[in-house]
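Understanding the architecture of this molecule
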Amino acid sequence: MSGAGFLIPPRSLIVSCQALEGEPLHGGDAMVKMARAAVQSGAAGIRCNGASDIRAIREAVDVPVIGLIKRTMPGSDVFITPTAEEIGRIAEAGADIVALDVTDREGRLEQAQALIALARSRGLLVMADVSTLEEGLAAARMGADLVGTTLAGYTPYSRQLPGPDLRLVEELAAEVTVPIIAEGRIWTPEEAAAALACGAHAVVVGSAITRPQRIAARFAAALASGASAQGRAAGVDSSDADTFAGSVSFVKAADENGKPEADAAQAAGAGTGLPEAMDENGKPEADAAPAAGAVQPQERGAS
Ligand SMILES: CC(=O)N[C@H](C=O)[C@@H](O)[C@H](O)[C@H](O)COP(=O)(O)O
């Protein structure tokens, strides 16, 4: 296993603590507190944006920090650590790993080799944020330490899905030699487990844990529109049921292609904190006795 594979333990949760300008939690120490809470609850890594948050979170927690700097540049769609300048600032801020856009647009794949070399020279490991299998293969060939599905659905040519791209996780895990990190639109513990069953080394969860405005919006929308009778009975709204069913059916397909059945059953949510698994106080079991590294049951929503 690569250095990054050891730094980020297998099957671990990485929590993305990011609040962009204009979001309610932007500024101050909100993301530091989010990071502390995440680590207290079992997160084995933190992903964060911006030199000041990276520096403050690096000082506050003792788990690996994946740093990125989002920067929009005129005429470009590349925004995750776009240039050498951001890599330098991320290194100075004390991150262990830098997250870089390694997508096949605007000549980015040609620049990536030099950016990866620069990151190495600054003592950083590299997480390549990709959107397709081909980009993941290219990133690994160029020496990335980790490949993340971060940008799946965020490039015009990648699969556009409402939930996580578990098929991409599986394709990358089958063909790419470095650890795969599942990231993007993971809203429930069941989806996180499904990503592991598809071969992910670790899972990044962001909005479902650290963007309260999105979490609250899902509840408000469900109340405003009224849940279906089936959704009320199951404790989920109908869009939850649809997305969850999608994850399950994909994992079942993966199982037919050789995934261990136990993994597939676990990924499908068997006995994993669904509404029927309550303790005597009516709390979800996982809430009553969280496993090390486990996340609390979360509702699902659009990211
Ligand atoms: C596409 C993009 O800009 N992704 C960013 C990457 O760092 C973050 O805004 C996401 O929150 C992160 O990827 C985690 O994903 P989610 O919040 O869906 O769990």
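As named in an unreviewed UniProt entry, the chain is Putative N-acetylmannosamine-6-phosphate 2-epimerase, taken from Paenibacillus albicereus. Under the UniProt heading Function (unreviewed entry), the note attached to the chain is "Converts N-acetylmannosamine-6-phosphate (ManNAc-6-P) to N-acetylglucosamine-6-phosphate (GlcNAc-6-P)." Under the UniProt heading Sequence similarities (unreviewed entry), the note attached to the chain is "Belongs to the NanE family."

A word on the overall build of the chain. Helix and strand counts for the chain stand at 14 helices and eight strands. When burial is assessed residue by residue, the chain has 50% of its 303 residues classed as buried. Carbon and sulfur atoms make up 54% of the accessible area of the chain, which totals about 13,400 Å².

Our next topic: the environment of F6. Examined against the element boundaries, F6 turns out to sit in helix α1 (residues 3–7). F6 gets classed as exposed once you look at its relative accessible area, which sits at 62%. Residues F6 and P179, spaced 173 residues apart in sequence, show a C-alpha to C-alpha distance of 9.9 Å.

The next point concerns the sheet that holds strand β1 (residues 12–17). Read around the closed barrel, the eight strands follow the order β1-β2-β3-β4-β5-β6-β7-β8; overall the barrel is parallel. Each neighbouring strand pair of the sheet contributes to a mean axis angle of 25°, computed without reference to strand direction. Where strand β2 (residues 45–49) and strand β3 (residues 65–68) come together, four bridges link them in parallel fashion. The partner of C48 across the bridge, within β3, is G67.

All right, on to helix α6 (residues 133–141) then. Taken together, the buried positions of α6 are occupied by L133, E135, G136, A138, A139 and A140. On its buried side, α6 packs onto α5 (108–121), β5 (125–129), β6 (146–148) and α7 (166–175). With its phi angle positive at about 100°, G143 sits one or two positions after the end of α6.

Another point: the pattern of salt bridges. Applying the stated criterion to the full structure yields twelve salt bridges. Note that R47 and E183 form a salt bridge whose closest N and O atoms lie 3.1 Å from each other. Taken together, the positions of R47 in strand β2 and E183 in strand β7 (residues 180–183) put the pair 136 residues apart, joining distant regions of the chain. Each of the two residues, R47 as well as E183, counts as buried. In this structure, the salt-bridge partner of D165 is R159, at a minimum N-O distance of 3.1 Å. Residue classification places R159 among the partly exposed residues on the basis of a relative accessible area of 34%. Via salt bridges that share partners, R47, D129 and E183 belong to a single interconnected network.

Turning to the site of the ligand, a few remarks are in order. Around the ligand sit 17 residues in total, of which Q18, K70, E183, R185 and S207 are the nearest. R47 has a polar side-chain atom sitting 2.9 Å from an oxygen atom of the ligand. In this structure, an oxygen atom belonging to the ligand sits 2.8 Å away from a main-chain N or O atom of R185. For the ligand, the accessible surface in isolation is 450 Å², of which the surrounding protein chains cover 93%. Residues of the shell around the ligand, tallied by class, amount to five nonpolar, seven polar and five charged.

A word on the confidence of the model for the chain. Residues shown with low pLDDT carry predicted positions that ought not to be read at fine detail. Overall, the prediction assigns the chain a mean pLDDT of 81, with 74% of residues at 70 or greater. For the stretch residues 233–303, pLDDT sits under 50, and the model shows 99 contacts to residues farther than four places along the chain or on other chains. Here the predicted complex carries an ipTM of 0.99, next to a pTM of 0.79.

Turning to the nonpolar core, a few remarks are in order. The biggest cluster of nonpolar side chains holds 65 residues, and the ones touching the most others in it are I46, I57 and V102. The greatest single-element share of this core, amounting to six residues, is contributed by helix α2 (residues 30–40). Not counting residues up to four positions away in its chain, the partners in contact with I57 are C17, M31, V32, A35, I46, C48 and V65. A4, I80, I97 and A99 belong to the second largest nonpolar core, which has 15 residues in total.

Rules of the game
- Residues numbered from 1 in each chain as written.
- Predicted model: local features only at pLDDT ≥ 70, side-chain atom pairs only at ≥ 80, totals over all residues.
- Heavy atoms only, no water.
- UniProt positions renumbered as here; feature names shortened; annotations may be inferred.
- Helix = DSSP H or I, 4+ residues; strand = E, 2+ residues; numbered from the N terminus.
- Buried < 20%, exposed > 50% of the residue type's maximum accessible area, 1.4 Å probe, protein only.
- Areas by Shrake-Rupley, 256 points an atom, 1.4 Å probe, with all protein chains shown as cover.
- Pairing = 2+ DSSP bridges.
- Axes fitted to C-alpha atoms, helices over the stretch in contact; angles between N-to-C directions.
- Contact = heavy atoms within 4.5 Å.
- Salt bridge = Lys/Arg side-chain N within 4 Å of Asp/Glu carboxyl O.
- Near = heavy atom within 4 Å.
- Polar contact = N/O pair within 3.5 Å; in protein donor to acceptor, adjacent residues only side chain to side chain.
- Nonpolar A, V, L, I, M, F, W, Y, C, P; charged D, E, K, R; others polar.
- pLDDT = per-residue confidence, 0-100.
- Core = buried A, V, L, I, M, F, W, Y, C linked by side-chain atoms within 4.5 Å.

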